[in-house]
Amino acid sequence: MLKKSALKAVAVAALVGMLSIFASERAFAALGTDVVGQSAITSFSAMLELLPSPPVADEDEGVWVLSSPDGAASFWWRKSASESRAYDVYLCFDVEPFVNAGLNLDKLPMEMKMMLDDRGRLMIGSKLSNKPLEYKGEITPLSSFEQIVKLDREAVGYHSALDHYGVTVSEGSIFEWAKDTSKNDKDIVFVLNPSVFIDAGVDPAKVEGWVFAPVPVEDANGRKYEAEKFLKPFDLGKR
């Protein structure tokens, strides 16, 4: 029988093999605005249908909140325009696993410390364009995502290796979903850039609930290299 450490190594190796996904650190591979954008919308819609719980509206923040099946992470995206909102797209996640792995909150950048809420959640993200949102009909999680594709196309991209689409929420941190969940067992993946956490004292191998692994990436000039990431993938089930 394999020891626990050996089993973990096998699982991580398998996940890394599947998660050769990052075409670039900021923008994703550009394969054509119409094809990628429209397919991203179609697959996002299909992914929403598979979630155990549908996204909910946070009316105070003016965003939609898509929670992971384990409740430990969520993806937020704007529902309405707001100049006062800190970000328009977020990754929100429980900070306790990182604290337990050595995170010194005082060593985080000030802008990150300010995004730690009273529920023990840390948020990272970015502002999108200030272009006016142009809804036609009901405002839904899907129609709000369509606004990102229409107005902030550079934030949405495609990873051919895993057949995933994704929204970049900050440098190296992404929310991803499968183009075709019937052919993919990583239906959604929360991805964090680990550098700021490691700099603040985290032992990446000890963060419970996240896989820490090197994954292939490509810079703006097409040069390939490996970058380490925190990954939280979920299989939403097959139909």
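See the structure shown above.
Calculation notes
Residues numbered from 1 in each chain as written. Predicted model: local features only at pLDDT ≥ 70, side-chain atom pairs only at ≥ 80, totals over all residues. Heavy atoms only, no water. Buried < 20%, exposed > 50% of the residue type's maximum accessible area, 1.4 Å probe, protein only. Helix = DSSP H or I, 4+ residues; strand = E, 2+ residues; numbered from the N terminus. Pairing = 2+ DSSP bridges. Contact = heavy atoms within 4.5 Å. Core = buried A, V, L, I, M, F, W, Y, C linked by side-chain atoms within 4.5 Å. Salt bridge = Lys/Arg side-chain N within 4 Å of Asp/Glu carboxyl O. Phe/Tyr/Trp six-rings, centres within 6.5 Å; stacked < 30°, edge-to-face > 60°. Lys NZ or Arg CZ within 6 Å of the ring centre and 35° of its normal. Axes fitted to C-alpha atoms, helices over the stretch in contact; angles between N-to-C directions. Polar contact = N/O pair within 3.5 Å; in protein donor to acceptor, adjacent residues only side chain to side chain.

(A) A look at the pairing of strand β8 (residues 173–178). Counting buried positions along β8 gives six out of six residues, so the element sits mostly inside the fold. Examined bridge by bridge, strand β7 (residues 164–170) and β8 share six bridges and lie antiparallel to one another. Bridging from a neighbouring strand, Ser-170 pairs with Ser-173 of β8. Counting the residues between successive antiparallel strands, the hairpin from β7 to β8 contains two residues, one of them, Gly-172, with a positive phi of roughly 80°. Sheet analysis places β8 next to strand β9 (residues 188–192), joined by four bridges and oriented antiparallel. The partner of Ile-174 across the bridge, within β9, is Val-191.

(B) The side chain of Asp-88, seen in detail. Relative to the helices and strands, Asp-88 resides in the loop between β3 (73–78) and β4 (89–94). The contact partners of Asp-88, leaving out residues within four places of it in the chain, are Trp-76, Trp-77, Arg-78, Ser-126, Lys-127, Leu-128 and Ser-129.

(C) Summary view of the nonpolar core. Met-47, Phe-75, Phe-98, Phe-145, Phe-175 and Trp-177 are the most contacted members of the largest nonpolar core, which has 47 residues in total. At seven residues, helix α2 (residues 33–50) tops the list of elements feeding residues into this core. For Phe-75, the residues in contact, after removing those within four places along its chain, are Phe-44, Trp-64, Val-65, Leu-66, Val-89, Tyr-90, Leu-91, Val-167, Val-169, Phe-175 and Phe-190. Counting eight residues, the second largest nonpolar core, distinct from the first, contains Val-63, Tyr-87, Tyr-90 and Cys-92.

(D) Region of the structure containing the pattern of salt bridges. This model, assessed by the stated rule, comprises ten salt bridges. Notably, a salt bridge pairs Glu-59 with Lys-79, separated by 2.8 Å at the nearest N-O pair. On the criterion of sequence distance, the pair formed by Glu-59 in the loop between β1 (56–58) and β2 (63–67) and Lys-79 in the loop between β3 and β4 is long-range, its members being 20 residues apart. Measuring nitrogen to oxygen at the nearest pair gives 2.7 Å for the salt bridge that ties Asp-88 to Arg-85. Comparing Asp-88 with Arg-85 shows no difference in burial state: the two are buried. Taken together, the salt bridges that share partners define one network made up of Arg-85, Asp-88 and Lys-127.

(E) Structural view of the packing of aromatic side chains. The tally for this structure, following the rule as stated, stands at 20 aromatic pairs. Ring geometry for Phe-98 against Trp-210: centres 5.9 Å apart, planes inclined by 55°, an arrangement best described as tilted. With Phe-98 in helix α3 (residues 96–100) and Trp-210 in the loop between α6 (195–199) and β10 (211–218), the pair connects residues that are 112 residues apart, well separated along the chain. Residue Phe-98 is classed as buried on the basis of its relative accessible area of 0%. Among the residues examined, Trp-210 registers a relative accessible area of 9% and is labelled buried. Among the aromatic residues, those joined into a cluster by ring pairs are Phe-44, Phe-75, Trp-77, Phe-145, Phe-175, Trp-177, Phe-190 and Phe-234. One cation-aromatic arrangement involves Lys-79 over Trp-64; the distance from NZ or CZ to the ring centre is 5.0 Å.

(F) Focus on the sheet that holds β3. On the basis of which strands lie adjacent, the open sheet formed by five strands has the order β1-β2-β3-β4-β5 and antiparallel pairing. The open sheet has two edge strands with one neighbour each: β1 and β5 (121–126). Looking at each pair of strands side by side, their axes are set apart by 25° on average, direction ignored. The pairing of β3 with β4 spans five bridges and is classified as antiparallel. Looking at the pairing, Phe-75 lines up with Leu-91 of β4. Relative to β3, helix α5 (residues 141–151) is tilted by about 65°, and along the sheet it contacts β2, β3 and β4.

(G) Spotlight on the environment of Asp-185. Along the polypeptide, Asp-185 turns up in the loop between β8 and β9. Overall, the relative accessible area of 38% leaves Asp-185 in the partly exposed class. Each C-alpha atom, one on Asp-185 and one on Phe-234, is 7.5 Å from the other, the two residues being 49 residues apart in sequence. Side-chain polar atoms of Asp-185 contact the side chain of Lys-186, separated by 3.0 Å.

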